Amino acid sequence: MRLSDLTPARRAELLARYPTEPNAGLRAEFDLTQNQLSLVARQGNVKKTKATVSKINSQPRNIDSIGKRIYNAIGAAGQAGLAAQGVLTALPGTTAERVQATLYNLTTRGSLFRAGERGRGRWFTRKEWASDHEVRLLAESAARARASCTRGVSIKHHTAPAHLPGDAIVPPGVRAIECPTVPGPAERLAACEPGLFSNLRPGKYIDDQPRGWVNAITERR
């Protein structure tokens, strides 16, 4: 969870409970990492009370902590690893928020290694297993991309229907209309009278009666 997603009301509740409650429970309930929780506490200028600190220190360490249980569950899966849903199934009674927060903490510390996209990742206890899983994901993605592509039709030069010898095949009921041919460059040049403008004096045009503006600009003064 990002701190920007923490609403003012939830932040106020967190600051009110922080002095008297253990961090582990607050992290799990508010879906925060220890660094995020400490930052919120510093920004709100709140600290644990002496009574709370004494109570936390007097409690025996839980050797079966959520982090250890998650690590052991993923380690038991071996090279296959576990997704977040698999961890929830392996640890009944644990909330998704607590599992996600613990997975984030273990990954940040380097105890676990994640492979795959965010939200659909898979965790492993060995880095090489995570790397192998990334390679498999890339190969599967490339195979899906190739399968979804339609193979193009290749037509060799001069083998298209318009280049084939013989008359065109006209289906029954279709009236064929012959399009007029377009003269090539040589024919178009031959159609023009040679030297059309070569024998005309300045100001002389093909028109028998030049326009008035022509006389105006060509008149000698």
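Remember, it's a predicted structure, so these values are computed and weren't measured experimentally. (Residues numbered from 1 in each chain as written. Predicted model: local features only at pLDDT ≥ 70, side-chain atom pairs only at ≥ 80, totals over all residues. Heavy atoms only, no water.)

Caption draft 1: Representation of the overall build of the protein chain. Regarding its fold elements, the protein chain presents ten helices and three strands. Its helices and strands taken in sequence order, the protein chain reads α-α-α-α-α-β-α-α-β-β-α-α-α from the N to the C terminus. The buried share of the protein chain, reckoned over its 221 residues, is 22%. Residue pairs at least 24 apart in sequence account for 51% of intrachain contacts in the protein chain once pairs closer than 6 positions are excluded. Counting only carbon and sulfur atoms, one obtains 55% of the accessible surface of the protein chain, whose full area is about 17200 Å². (Helix = DSSP H or I, 4+ residues; strand = E, 2+ residues; numbered from the N terminus. Buried < 20%, exposed > 50% of the residue type's maximum accessible area, 1.4 Å probe, protein only. Contact = heavy atoms within 4.5 Å. Areas by Shrake-Rupley, 256 points an atom, 1.4 Å probe, with all protein chains shown as cover.)

Caption draft 2: A look at the side chain of Asn23. Summarising the element assignment, Asn23 is placed in helix α2 (residues 23-30). Here Lys48 takes part through its side chain, which lies 2.8 Å from a polar atom of the side chain of Asn23. Excluding residues that lie within four positions of it along the chain, Asn23 makes contacts with Tyr18, Gln34, Leu37 and Lys48. (Polar contact = N/O pair within 3.5 Å; in protein donor to acceptor, adjacent residues only side chain to side chain.)

Caption draft 3: How the structure looks around the environment of Leu3. Note on placement: Leu3 falls in the segment before α1 (8-17). Linking Leu3 and Leu32, residues 29 residues apart in sequence, is a C-alpha distance of 8.1 Å. The contacts of Leu3, once residues within four sequence positions are left out, are Arg11, Leu32, Gln36, Leu39 and Val40.

Caption draft 4: How the structure looks around the packing of helix α5 (residues 66-77) against helix α7 (residues 96-109). At a closest axis distance of 10 Å, the pairing of α5 and α7 adopts a crossing angle of 80 degrees. Considering their axes alone, α5 and α7 lie roughly perpendicular with respect to each other. Where α5 abuts α7, its residues Ile66, Gly67, Ile70 and Ile74 lie against Arg98, Val99, Thr102, Leu103 and Leu106. Taken together, the residues that form the contact of α5 with α7 break down as six nonpolar, two polar and one charged. (Axes fitted to C-alpha atoms, helices over the stretch in contact; angles between N-to-C directions. Parallel < 35°, antiparallel > 145°, perpendicular 65-115°, else oblique. Nonpolar A, V, L, I, M, F, W, Y, C, P; charged D, E, K, R; others polar.)

Caption draft 5: Representation of the sheet that holds strand β1 (residues 82-83) in the model. Spatially, β1-β3-β2 is the arrangement adopted by the three strands of the open sheet, whose pairing is antiparallel. Since the sheet does not close on itself, it has two edges, and those belong to β1 and β2 (113-115), each with one partner. Of the pairings in the sheet, the one linking β2 to strand β3 (residues 122-124) comprises three bridges and is antiparallel in character. Bridge pairing in β3 links Ala115 to Arg122. (Pairing = 2+ DSSP bridges.)

Caption draft 6: Representation of the confidence of the model for the protein chain within the structure. Per-residue confidence for the protein chain gives a mean pLDDT of 78, with 71% of residues at or over 70. Mean pLDDT across the secondary structure elements of the protein chain bottoms out at helix α9 (residues 185-190), with 58, and peaks at β3, with 92. (pLDDT = per-residue confidence, 0-100.)

Caption draft 7: Geometry of the packing of α1 against α2. It is at 11 Å that the axes of α1 and α2 come closest, and there the two elements cross at 170 degrees. Taken together, the axes of α1 and α2 lie roughly antiparallel to each other. Between α1 and α2, the contacting residues are Arg10, Glu13, Leu14 and Arg17 on the first element and Leu26, Glu29 and Phe30 on the second.

Caption draft 8: Representation of the pattern of salt bridges. On inspection of all chains with the given rule, the structure shows four salt bridges. Residue Arg17 pairs with Glu21 through a salt bridge whose shortest N-O separation is 2.9 Å. The partly exposed category is assigned to Glu21, whose relative accessible area is 25%. In this structure, Arg17 and Glu29 form a salt bridge, with 2.7 Å as the shortest nitrogen-oxygen distance. Of this pair, Arg17 sits in helix α1 while Glu29 is found in helix α2, placing the two residues twelve residues apart along the sequence. (Salt bridge = Lys/Arg side-chain N within 4 Å of Asp/Glu carboxyl O.)

Caption draft 9: Just the packing of aromatic side chains, in detail. Throughout the structure, instances matching the rule amount to zero aromatic pairs. Above the face of the Tyr18 ring, Lys48 is positioned so that its terminal group lies 4.0 Å from the ring centre. (Phe/Tyr/Trp six-rings, centres within 6.5 Å; stacked < 30°, edge-to-face > 60°. Lys NZ or Arg CZ within 6 Å of the ring centre and 35° of its normal.)

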